[in-house]
Amino acid sequence: MSISKLHIFSKNTDASASIRGYNYQTLKTLETWIENLLNKIDEEIYCDFEEDIFQKNDFAKTAKFRQLKLYSSNFSFKSEEIEKCISHFFMLHVKTDYLLTDKEFIFEANTNVAGNYKDNDAELLRNWVSSQSNLPADLLKSCSEKVKSIVSKYVYDQAKELNDKVDKSTIKDAISIFESLTENDWNDFTKRIKWKFANQEPDEEFSLTISNIESLIQKLPFKIGKDNSKAVF
């Protein structure tokens, strides 16, 4: 009996992909910082705090939460990354720190929306993306119901997981508040979610980001030679 057969229980721990993803996240943060500097936009920018990129303006009371994906695969409502992202966005939406803040939640991916298959609701996501600047009432209703179903599953799963770790009355109160959310509440949250799909291969998107940063650096009001603006990663 070969012990090597136990390999079927191993997990895919692609460290290089994780490192590249984090480097991409750092680059996009730098890109945002330079763009803000050039456009005189006054924001605090955080990398890997609250979200991959978190931008806030305390004076204007605005906050932007951006989740970045550098993947080879496309996305649909069946993608675990989409479900986790929407659930995390919701938890940030209801967080006390940002209750009085005008929030925007952005899912950014280098790829695109997946093709239609089985019950992945890719067409709904595609329609949402194409009409996100002004969602028609019927489409908003469908998107809001999808968001609610994703967040509900997350909340009820978490309630079960916390059953023996948190006081039961606390969980009961939280569930009661969650179930009291109205259609308007869900519509408001849904309209705050935005999608950006670049339709690029991972390597190409990574290179384009570096090139854009180098180009932005050249526009800064400092004496910077072209050779000094080259980034090495």
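Residues numbered from 1 in each chain as written. Predicted model: local features only at pLDDT ≥ 70, side-chain atom pairs only at ≥ 80, totals over all residues. Heavy atoms only, no water.

**Examining the pattern of salt bridges**
Opposite charge on two side chains permits pairing when their charged atoms draw close. Scanning the model with the defined rule gives 13 salt bridges in all. Notably, a salt bridge pairs Lys-84 with Glu-80, separated by 3.1 Å at the nearest N-O pair. Of the two residues, Lys-84 and Glu-80 both sit in helix α2 (residues 80-93), four residues apart, roughly one turn of that helix. Owing to a relative accessible area of 53%, Lys-84 belongs among the exposed residues under this scheme. A residue is classified by how much of its surface remains accessible, and Glu-80, at 48% relative accessible area, is partly exposed. Between Asp-102 and Arg-192 there is a salt bridge, with its nearest N and O atoms 3.1 Å apart. Residue Asp-102 is located in strand β4 (residues 102-109), and its partner Arg-192 is located in the loop between α6 (183-191) and β5 (193-197); the two are separated by 90 residues in the primary sequence. Residues joined by salt bridges that share partners form a network here, namely Asp-102, Asp-188 and Arg-192. (Salt bridge = Lys/Arg side-chain N within 4 Å of Asp/Glu carboxyl O. Helix = DSSP H or I, 4+ residues; strand = E, 2+ residues; numbered from the N terminus. Buried < 20%, exposed > 50% of the residue type's maximum accessible area, 1.4 Å probe, protein only.)

**So, the sheet that holds strand β1 (residues 44-49)**
Read from one edge to the other, the open sheet built from five strands follows the order β1-β2-β3-β4-β5, with strand pairing classed as mixed. Edge positions in the open sheet fall to β1 and β5, since each of these has one partner strand only. If you compare each strand with its neighbour and ignore which way they point, the axes differ by 20° on average. (Pairing = 2+ DSSP bridges. Axes fitted to C-alpha atoms, helices over the stretch in contact; angles between N-to-C directions.)

**Regarding the side chain of Gln-25**
Note that Gln-25 resides in helix α1 (residues 15-38). A residue is classified by how much of its surface remains accessible, and Gln-25, at 8% relative accessible area, is buried. Here Gln-25 is in contact with Cys-47, Asp-48, Asp-52, Ile-53 and Leu-68, once residues within four sequence places are set aside. (Contact = heavy atoms within 4.5 Å.)

**Comments concerning the packing of α2 against helix α4 (residues 137-161)**
Orientation of α2 relative to α4, taken along the N-to-C sense of each, is 80°, at an axis distance of 9 Å. Between α2 and α4, the angle falls in the class roughly perpendicular. Across the interface between the two elements, Glu-83, Ile-86, Ser-87, Phe-90 and Met-91 from α2 touch Val-147, Ile-150, Val-151, Tyr-154 and Val-155 from α4. (Parallel < 35°, antiparallel > 145°, perpendicular 65-115°, else oblique.)

**Examining the nonpolar core**
One broad rule of soluble globular proteins: the nonpolar side chains tend to lie buried together. Counting residues in hydrophobic clusters, the biggest one holds 37 residues, and the most contacted among them are Ile-86, Phe-189 and Trp-195. Elements with a minimum of two residues in this core: β3 (62-69), α2, β4, α3 (122-131), α4, α5 (168-179), α6 and β5. The element best represented in this core is α4, accounting for eight residues. Grouped together as the second largest cluster of nonpolar side chains are 12 residues, Leu-27, Ile-34, Ile-53 and Ile-210 included. (Core = buried A, V, L, I, M, F, W, Y, C linked by side-chain atoms within 4.5 Å.)

**Concerning the packing of aromatic side chains**
Two descriptors summarise a pair of aromatic rings, namely the distance from one centre to the other and the angle between the planes of the rings. This model, assessed by the stated rule, comprises 22 aromatic pairs. Between Tyr-46 and Phe-49, the aromatic rings sit 5.4 Å apart at their centres with planes inclined by 55°, giving tilted as the arrangement. Looking at Tyr-46, the relative accessible area reads 28%, which means it is partly exposed. For Phe-49, a relative accessible area of 41% puts it in the partly exposed group. (Phe/Tyr/Trp six-rings, centres within 6.5 Å; stacked < 30°, edge-to-face > 60°.)

**Regarding the confidence of the model for the protein chain**
Averaged over all residues, the pLDDT of the protein chain is 90; the fraction at 70 or higher stands at 89%. Predicted confidence for residues 4-11 stays below pLDDT 50, and this span has zero contacts to residues more than four positions away or in other chains. (pLDDT = per-residue confidence, 0-100.)

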